[in-house]
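Structural characterization, general
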Amino acid sequence: MCGLYDVLLFLHRHPATAKWYDRRDSVFIEFCVADSKDVKIIFDKTKCNFSCLGGTDNVKHENEIDLFEAIDENESKHKRTDRSVLCYLRKAQPGKAWPRLTKEKAKLSWLSVDFNNWKDWEDDSDEEMGNFEQFSDMMNNMGGEDDMPGLDDADDADSADSDDEKMPDLE
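What this report covers is the structure whose coordinates are included nearby. Predicted, not measured: the structure shown is a model, and the values here were computed from it.

This part takes up the nonpolar core. Counting 23 residues, the largest nonpolar core has Ile-29, Phe-31, Leu-89 and Leu-101 as the members making the most contacts within it. Elements with a minimum of two residues in this core: β1 (18-22), β2 (26-31), β3 (37-43), β4 (47-54) and β7 (85-90).

Position of Lys-91 among the secondary structure elements: in the loop between β7 and β8 (111-113). A relative accessible area of 3% places Lys-91 in the buried class. In terms of polar contacts, Lys-91 uses its side chain to reach the backbone carbonyl oxygen of Lys-96, at 2.8 Å.

In terms of residue burial, β7 counts as a mostly covered element, since five of its six residues are buried. Bridge count between β2 and β7: six bridges; the pairing is antiparallel. Residue Val-27 lies in a different strand from β7, and its bridge partner there is Leu-89. In terms of strand pairing, strand β6 (residues 77-80) meets β7 through four bridges, oriented antiparallel. In the strand pairing of β7, Arg-80 is matched with Val-85. Turn length for the β6-β7 hairpin, with the two strands adjacent in sequence and antiparallel, is four residues.

This brings us to the sheet that holds β3. With respect to topology, three strands assemble into an open sheet ordered β3-β4-β5, the strand pairing being antiparallel. Unpaired on one side and paired on the other, β3 and β5 (59-66) mark the two borders of the sheet. Averaged over all neighbouring strand pairs, the angle between strand axes comes to 5°, with direction disregarded. Here five bridges tie β3 to β4, and the two strands are oriented antiparallel to one another. Its bridge partner lying in β4, Lys-40 is registered against Ser-51.

Enumeration over the complete set of coordinates arrives at five aromatic pairs. With a centroid separation of 4.9 Å and an interplanar angle of 10°, the aromatic rings of Tyr-21 and Phe-28 are classed as stacked. Exposure class is identical for Tyr-21 and Phe-28. Each is buried. On the numbers, 6.1 Å between centres and 55° between planes, the contact of Phe-68 with Trp-98 is tilted. With Phe-68 in the loop between β5 and β6 and Trp-98 in the loop between β7 and β8, this pair connects stretches of sequence that are 30 residues apart. One exposure class covers both Phe-68 and Trp-98, and it is buried. Members of the aromatic cluster, each reached through a chain of ring pairs, are Tyr-21, Phe-28 and Tyr-88.

With that out of the way, let us pick up the sheet that holds β2. One open sheet accounts for five strands, arranged β6-β7-β2-β1-β8; its pairing is mixed. Every other strand in the sheet has two partners, leaving β6 and β8 as the edge strands with one partner each. Here the average twist between neighbouring strands, direction ignored, is 20°.

Summarising the element assignment, Tyr-21 is placed in strand β1. It is 9.1 Å that separates the C-alpha atoms of Tyr-21 and Ser-112, two residues lying 91 residues apart in sequence.

So, about the side chain of Glu-30. As for its position among the elements, Glu-30 is in strand β2. No salt bridge is formed by the buried Glu-30; its nearest oppositely charged neighbour, Lys-19, is found at 4.0 Å. Side chain to side chain, Glu-30 and Ser-84 meet in a polar contact 2.6 Å long.

About the cut-offs
- As a convention, each chain's residues are numbered from 1 in the sequence order in which they are written.
- The predicted nature of this model means local features are confined to residues of pLDDT at least 70 and side-chain atom pairs, given and counted, to a pLDDT of 80 or more, with totals for whole chains, interfaces and linings taken over all residues.
- Only hydrogens and water are set aside; all other atoms, that is, all heavy atoms of the structure, feed into the side-chain values.
- Here, nonpolar core refers to any group of buried Ala, Val, Leu, Ile, Met, Phe, Trp, Tyr and Cys residues whose side-chain atoms link them within 4.5 Å.
- Relative accessibility thresholds used throughout: buried, under 20% of the residue-type maximum; exposed, over 50%; partly exposed, between the two (1.4 Å probe, protein chains only).
- A run of H or I in DSSP becomes a helix once it reaches four residues, and a run of E becomes a strand once it reaches two; helices and strands are each numbered from the N terminus.
- What qualifies as a polar contact is a pair of N or O atoms within 3.5 Å, subject to a donor-acceptor requirement within protein and to the restriction that residues adjacent in sequence count only when both atoms come from side chains.
- A pair of strands is considered paired only if DSSP assigns at least 2 bridges between the two.
- For helices, the fitted line uses only the C-alpha atoms of the stretch in contact; every axis is such a line through C-alpha atoms, and the angle between N-to-C directions lies from 0 to 180 degrees.
- For Phe, Tyr and Trp, where Trp contributes only its six-membered ring, two rings pair if their centres lie within 6.5 Å, and the inter-plane angle classes them as stacked under 30 degrees, edge-to-face over 60, or tilted in between.
- In this tally, Asp and Glu contribute negative charge and Lys and Arg positive charge; neither His nor the terminal groups of the chain are included.
- The salt bridge criterion pairs a side-chain nitrogen of Lys or Arg with a carboxyl oxygen of Asp or Glu, the two atoms within 4 Å.

Right, dumping it as structure tokens:
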């Protein structure tokens, strides 16, 4: 009967698909659930619990994440949209990179890295995502412009690596 119990447990707990990215002082997690209702998010020092009803079928989604490092649960926030729920987790130790979201190295089928928003910030001390107002502004402009990293020298006409040079034919 253990097999039947496992199936029932799986059917009861359906994790939401999520993607995440790291910033200098925070971590963002986007739970991709359209038309979410009854959203409940509990931020704990080392955990994030997410649950909601989603879609026209009102599927119950639940995710429990043991976080890689501690967060400031009082400064962590979330915002619901029609397409997803975005969470802003304030790091307890700003400036420390998270190589993964979870404490364990296990690959979770429902979790992926959000490469559209990922930045290597460790060498960039000018950029800070500091506070919740910036997070709110970002949320209000979601789906807008993409950040293009490091194109400072793109229009340098004196560059030895000119795009005007003819490339050799491939054989």
